[in-house]
Amino acid sequence: MKIGAVYTLERGAEVLGTLTVTDTGPFAVDATFDPTPAFDPYRVLFDEDARYAHLIAQDDDPALLEQAGAIQESLLALNLVLRGDGNTGYRTFLISIEGGSASFRPLTPEEEPL
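Every chain is numbered independently, its residues counted from 1 as its sequence is written. Local features in a predicted model are, by the rule used here, given only for residues with pLDDT of at least 70; side-chain atom pairs are given and counted only at 80 or more, and totals for whole chains, interfaces and linings are based on all residues. With hydrogens and water set aside, each side-chain value is computed from the structure's full complement of heavy atoms.

Asker: I keep staring at the overall build of the protein and nothing clicks. Help me out?
Answerer: Working definition: helices are DSSP H or I runs of at least four residues, strands are E runs of at least two. Numbering for both runs from the N terminus. If you tally the helices and strands in the protein, you get two helices and eight strands. Counted from the first residue to the last, the protein has its helices and strands arranged as β-β-β-α-α-β-β-β-β-β. Our radius of gyration is a C-alpha quantity, and the globule rule it is checked against amounts to 2.2 Å times the number of residues to the power 0.38. Over its C-alpha trace the protein gives a radius of gyration of 14 Å, about what one expects of a compact globule, namely 13 Å for 114 residues. Overall, the C-alpha framework of the protein stretches about 45 × 30 × 20 Å when taken along its three principal axes. Of all 114 residues assigned to the protein, the portion counted as buried reaches 28%. Sequence-distant contacts in the protein: of pairs separated by 6 or more residues, those separated by 24 or more amount to 42%. Only protein chains enter the accessibility calculation, which uses a 1.4 Å probe; a residue whose area is less than 20% of its type maximum is buried, one above 50% is exposed, and one in between is partly exposed. Contacts are assigned to residue pairs with any non-hydrogen atoms lying within 4.5 Å of each other.

Written as structure tokens, this is what we have:
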């Protein structure tokens, strides 16, 4: 994955925003996030995810971990797609969005046809 690569975050026919890759690491890809108005209904869920990520970074309470896992499951249940150039991208990935920043981790090593 190249720095500067652009992906759209989609749910069905809706484009929720655009991610532009700023850094790639062994565990996650960092990006800027430019939301569209279609992202608004999902913002609360992503804000909750970010809040719990900060909480569990400081406290490994099993109840916090369980709640954070439930939020991740809710995000996965949205069946989001990250679409790159050439109609390829990812259907299975973990994503975190906080303000104008995002990070994601594909659960498959290579982009797949979408």
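Asker: Honestly, the nonpolar core in this entry has me stumped. Any pointers?
Answerer: If you look at soluble globular proteins, the nonpolar side chains tend to sit buried side by side. By size, the foremost hydrophobic cluster in this structure holds 21 residues, and its most contacted members are Leu9, Leu19, Phe46, Leu82, Ile95, Ile97 and Phe104. For this core, the elements supplying multiple residues, two or more each, are β1 (6-11), β2 (14-24), β3 (29-35), α1 (40-58), β6 (93-98) and β7 (101-106). Leave out the neighbours within four places in its chain, and Leu19 touches Ala5, Val6, Tyr7, Leu9, Ala31, Thr32, Phe33, Leu82, Ile95, Ala102 and Phe104. Buried residues of nine kinds, namely Ala, Val, Leu, Ile, Met, Phe, Trp, Tyr and Cys, make up a nonpolar core once their side-chain atoms join them within 4.5 Å.

Asker: How do you make sense of empty space enclosed by the protein when you look at a structure like this?
Answerer: Points on a 1 Å grid, built from protein atoms alone, make a cavity when a 1.4 Å probe fits but cannot get out and make a pocket when they are open with protein on both sides within 12 Å along at least 5 of 7 lines; residues with an atom within 4 Å of a point are the lining residues. Grid points are joined across faces, edges and corners, and a volume is the space filled by probe spheres set on the points. By the definition in use, this model includes one cavity of 30 Å³ or more. Of the voids in this model, the largest cavity is the one considered here, and its volume is about 30 Å³. Lining the largest cavity, in full, are Phe39, Arg43, Phe46, Asp47, Ile97, Glu98 and Gly99. Mapped by element, the contributors of at least two residues to the lining of the largest cavity are α1 and β6. Take the lining of the largest cavity: its biggest share by element is three residues, from α1. Three classes are used: nonpolar for Ala, Val, Leu, Ile, Met, Phe, Trp, Tyr, Cys and Pro, charged for Asp, Glu, Lys and Arg, and polar for all others, with Gly counted as polar. A breakdown of the residues in the lining of the largest cavity according to their chemical character gives three nonpolar, one polar and three charged.

Honestly, it's all geometry; don't read function into it.
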